[in-house]
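Structural characterization, general
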Amino acid sequence: MLQKTADGLISLSAFLGTLGLLFVVGVIVVDVIGRNFGMPLYGAQDLVIMTMVIIVFGGMALCARDDGHIVVDIFEPHFSPRLNRAIDVGAGLLGAVIFVLIAYTVFKSAQLSQMLNLSTNLLRLPTAWFQYALCALSLVAALALMMRAACSALGIRPAPASGQETP
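Small disclaimer: the values here were computed from a predicted structure and weren't measured.

The rules behind each value
Residues numbered from 1 in each chain as written. Predicted model: local features only at pLDDT ≥ 70, side-chain atom pairs only at ≥ 80, totals over all residues. Heavy atoms only, no water. Salt bridge = Lys/Arg side-chain N within 4 Å of Asp/Glu carboxyl O. Helix = DSSP H or I, 4+ residues; strand = E, 2+ residues; numbered from the N terminus. Buried < 20%, exposed > 50% of the residue type's maximum accessible area, 1.4 Å probe, protein only. Axes fitted to C-alpha atoms, helices over the stretch in contact; angles between N-to-C directions. Parallel < 35°, antiparallel > 145°, perpendicular 65-115°, else oblique. Left-handed = near helix turned anticlockwise from the far one by under 90°. Contact = heavy atoms within 4.5 Å. Expected span 1.5 Å × (residues − 1). Bend = angle between axes of the 7 residues up to and from the residue. Core = buried A, V, L, I, M, F, W, Y, C linked by side-chain atoms within 4.5 Å.

Let us look at the pattern of salt bridges. Any two side chains of opposite charge can pair, on the condition that their charged atoms come close. On inspection of all chains with the given rule, the structure shows 4 salt bridges. Measuring nitrogen to oxygen at the nearest pair gives 3.3 Å for the salt bridge that ties Asp-7 to Arg-65. Here Asp-7 is found in helix α1 (residues 2–36), whereas its partner Arg-65 is found in helix α3 (residues 60–65), with 58 residues between them in sequence. For the pair Asp-7 and Arg-65, a shared accessibility class is recorded, and that class is buried. Salt bridges linked by common partners bring Asp-7, Arg-65 and Asp-66 together as one network.

Pasting the structure below:
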């Protein structure tokens, strides 16, 4: 049940990141075409900058679940399997703590942004919306890292998401 809920949240997070990427590509295409006709898209920079938050943090949970983060395994062949598992658990827990701290810090910043009515320069989009989105996506990434650490601690491979094959 917990695995299905986590997979659902991770998939939603990745889907939002994908939608953000498609949106940014569309904004850039429209802006470039508009510039050729002397009519650039007003506020394109605001849209791209704010959507980048969703693109970057939207994919973090999927990357954590699928163990897609960059690793350098120079010493792994020289360590025992037990030590390698302990390192994997520690790395997962440390990553989860970092993402929770990011979420907490940005949540506090979002509250301040909301109190001061901070917004983007051109379109006046409230920055707090994007900060709250970053908080939620960071917490989903932390959940994915905790699930990964738990699977490593128990010595089991996480079940692949539907539609994926095991390596």
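Once the structure has been displayed, the description carries forward.
Another point: the packing of α1 against helix α5 (residues 127–154). Interhelical geometry of α1 versus α5 gives an angle of 140 degrees and a closest axis separation of 10 Å. Considered as vectors, α1 and α5 are oriented oblique to each other. Handedness of the crossing formed by α1 with α5: left-handed. Of the residues in α5, those touching α1 at Leu-2, Gln-3, Ala-6, Leu-9, Ile-10 and Ser-13 are Leu-137, Val-140, Leu-143, Ala-144 and Met-147.

Attention now goes to the side chain of Ser-113. Inspection of the secondary structure assignment puts Ser-113 in helix α4 (residues 81–115). Judged by relative accessible area, which is 4%, Ser-113 ranks as buried. Each residue touching Ser-113, except ones within four places of it in the same chain, is listed here: Leu-118, Thr-127, Ala-128 and Gln-131.

Turning to helix α2 (residues 44–58), a few remarks are in order. Between its first and last C-alpha, α2 extends 21 Å over 15 residues, near the 21 Å set by a 1.5 Å rise per residue. The largest bend along α2 measures about 25 degrees and falls at Thr-51. Those residues of α2 not exposed but buried are Ala-44, Asp-46, Leu-47, Val-48, Met-50, Thr-51, Ile-54, Ile-55, Phe-57 and Gly-58. Lining the buried residues of α2 we find α1, α3, α4 and α5.

Residue position: Ala-153 is located in helix α5. When its relative accessible area of 43% is taken as the criterion, Ala-153 is described as partly exposed. In this structure, the C-alpha to C-alpha distance between Ala-153 and Glu-76, residues 77 residues apart in sequence, is 17 Å. With residues up to four places along the chain from it excluded, the contact list for Ala-153 reads Arg-85 and Val-89.

This next bit is on the nonpolar core. The biggest cluster of nonpolar side chains holds 16 residues, and the ones touching the most others in it are Ile-10, Phe-57, Ala-61, Phe-99, Ala-144 and Leu-145. Counting residues in each nonpolar core, the second largest holds 6 residues, with Val-24, Ala-44, Leu-47 and Val-48 among its members.

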